[in-house]
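Per-entry structural report
Read off the chains here:
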Amino acid sequence: MSNRNTGLAVEAEGLVRSFGSTRALDGLDLQVPAGTVYGVLGPNGAGKTTAVRVLATLLRPDGGTARVFGHDVVRDADAVRSRVSLTGQYASLDEDLTGAENLVLLGRLLGLGRAGARERAEQLLAAFGLTEAAGRQVKKYSGGMRRRIDIAASILNTPDLLFLDEPTTGLDPRSRNQVWAIVRAVVAYGTTVLLTTQYLDEADQLAGRIAVVDHGRVIAEGTPGELKASIGAGSVHIRLRDPGQRPQAEQVLRASLGVPVQLAADPAALTARVGEHGTDLEAGTQAARALGELAAAGIVVDDFSLGQPSLDEVFLALTDHPAVPADERDDELEAAR
Amino acid sequence: MSDTAITTGRAPSVYMPSAEALATVLAPAERPARPSALSASLTFGWRALLKIKHVPEQLFDVTAFPIIMVLMFTYLFGGALADSPRAYLQFFLPGIMVTSVVMITMYTGVGLNTDIEKGVFDRIRTLPVWRPAALVGMIFGDVLRYVLAAVVILTVGVVLGFRPDGGLLGVLAGIGLLVIFSFAFSWVWTFFGLVLRSEKSVMGTSMMVLFPLTFLSNVFVDPSTMPGWLQAFVKVNPITQLVTSVRAAMAGSMDGPSTMWMLLWSALFVVVFGTLTMYRYNRR
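Residues numbered from 1 in each chain as written. Chains lettered and ligands numbered in written order. Predicted model: local features only at pLDDT ≥ 70, side-chain atom pairs only at ≥ 80, totals over all residues.

1. Observations regarding the sheet that holds strand β8 (residues 192–197) of chain A
All names here are of chain A. Our working definition: DSSP bridges decide pairing: two strands pair if at least two such bridges lie between them. Numbering of helices and strands runs from the N terminus; a helix is a DSSP stretch of H or I covering at least four residues, while a strand is a stretch of E covering at least two. The convention used is that axes are lines fitted to C-alpha atoms, helices contributing only their stretch in contact, and that angles between N-to-C directions extend from 0 to 180 degrees. Residue pairs are scored as contacts if the distance between their C-beta atoms, which are placed from the backbone, is within 7 Å.
Overall, mixed pairing links the six strands, which are arranged β6-β7-β8-β3-β9-β10 in an open sheet. Two strands bound the open sheet, and with one partner strand each, they are β6 (84–87) and β10 (217–222). Going from strand to strand, the sheet's axes swing by 20° on average, the running direction of each strand aside. Here strand β7 (residues 161–165) runs beside β8; their pairing, made up of five bridges, is parallel. Residue pairing for β8: L162 is matched across the bridge by V193. Sheet strands in contact with helix α5 (residues 143–154) are β6 and β7, and its direction is about 170° off that of β6. In the packing of helix α6 (residues 173–188) onto the sheet, the strands contacted are β3 (37–41), β7 and β8, and the crossing angle to β8 comes to about 150°.

As structure tokens, this is what we get:
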């Protein structure tokens, strides 16, 4: 249990892993401080899952090194396994078995006695609001319940490092909030959490530090505040009543905000980054002022929103290309596994 | 089945994680010592039993299929190859028992292949337990299916008139030898289950190996009627050694050389394919 909360939980240097001709990891460096939530942000196919699988000892890297709490993930895999848990993107429990059976099974495999495993399973089911579903096969669980039992299984051994691979993808907002609350509780008890996500919003909400991953390498790293300072605190999205007024609106916005304005595919919509190199407060003020100036110029705005930049906008800001769409690249990786 | 799915569907869950409830499960506890290799394997064996409990349809393969094999071949070949189906059965039953059970071993590979597709193996592979435990446990579960299939066939055989001279003890010895061999042979399929991409290709490959192996043996006919080159193959075929030893055991005697060869083959399968399997398992 030494250095559970201090030092580095993960140190990865120059990780490389190829599947056929695809380099899923292409020199990935990662340093995760112990006792925090660390977010790995990137689109599908960026290499997030591959990175997690290497760190959790499921895949061997072709090159580079990785240590988890000082243990090498290849040479000392068993020591790593005794301190980590993985909740994968897909159900990582036996769907034919009931929730309780799955947890008892894992408890036994982690060395608990028959009674101890049963007791631990009951505690976990109660804490995760699954007591009623204990005797039901996991394949009959709803999406949110499945995620919860998955995470319950992962903390059965109170790991020092918990990997959560896209824990909220495909969940409804309420289930997502539940997962977020669980993550916060887990880290409050000293477990380090490494979470991958496609949503800047999620990384911002949970993570102390974020690494942005693209094509198998880290292209930006820092606290959410630092990242936002470099990419802009947010975006204003404006939709006009009359598409004919768009050229005029673009001029007004550019003059008011002092940044380039993007013309969206929708002929009546415009988007601009706000709060660049500034604080959140400025972003709101800037947007309000711009809105006033549009009104003063006689331009009717039908819809207006100020929000965090989307993953696409993050990528546009950090690279010159939008996030790689979720396409064949992922299937290719699957096939190569 | 479907009505339970409806009632268990989307109950309005109002769960919100509470800090106190989570505190009880998150407080770091002393980690228990890791389980022994045997204990871990048996726990995985328990998982296989639970799967049978929840999906009993999977026992169809080990009950209906063997019964069909016995009935089909006894009445198809009985009159032609022996004086009567009943006379043939006395020769044929130990052989068809071996054939059926050895054919069932391929489901070990199929099962492993589908298991791995489902992601549960990711969790299993990150557990700090004896590495082969998951696979050994899986095969423990399969051994139960082998025993069940063997008992089903024997029962059908006895109903049709098969009378083992070795009595209960001889029958038990025969089943024991068959189970030892099948346990060892299963490692061939775990390897294919890990190497091949889909359930279908595992099935296809298994059939390509199993058909010649079981038919080109002494299961169905006396090899002395075969051409010399075929006899040469039949003689070294591990299935032939197995059938000879099981036949002898059930007849109340013991065929030393065949039993030894069959045990050697079993050891070879475990060592070679067990090693290859674990190599693939660790390097996936």
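2. Some points on the nonpolar core
Test applied: The nonpolar core criterion groups buried Ala, Val, Leu, Ile, Met, Phe, Trp, Tyr and Cys residues into a set whenever they are joined through C-beta atoms within 7 Å. Burial is judged by counting other C-beta atoms within 10 Å of a residue's own C-beta: 20 or more means buried, 12 or fewer means exposed, and anything between counts as partly exposed, with every C-beta placed from the backbone.
If you look at the biggest cluster of nonpolar residues, it comprises 152 residues, and the most contacted ones within it are L55 and L103 of chain A together with V98 and L178 of chain B. Tallying contributions element by element places helix α9 (residues 167–195) of chain B first for this core, with 14 residues.

3. Side note on the UniProt feature "transmembrane region" (unreviewed entry) in chain B
All names here are of chain B. Rules: UniProt positions are given in the numbering used here, feature names are shortened, and annotations may be inferred rather than shown by experiment.
When the UniProt feature table is mapped onto this chain numbering, "transmembrane region" (unreviewed entry) sits at residues 59–82, 88–112, 133–162, 168–195, 202–221 and 260–279. Secondary structure within residues 59–82 divides into 92% helix and 0% strand; the distance between the first and last C-alpha atoms comes to 33 Å. Measuring from the first to the last C-alpha atom of residues 202–221 gives 29 Å, for a span that is 70% helix and 0% strand.

4. Things to note about the pairing of strand β11 (residues 234–240) of chain A
Walk down a regular strand and you will see the side chains alternate between the two sheet faces. Residue and element names in this part refer to chain A. Within β11, five of the seven residues are buried, which leaves it mostly tucked inside the rest of the structure. The pairing of β11 with strand β13 (residues 269–274) spans six bridges and is classified as antiparallel. Directly across from V236, in β13, lies its bridge partner A272. Relative to strand β14 (residues 301–307), β11 runs antiparallel, the two sharing six bridges. The residue bridging H237 from the neighbouring strand is S305, located in β14.

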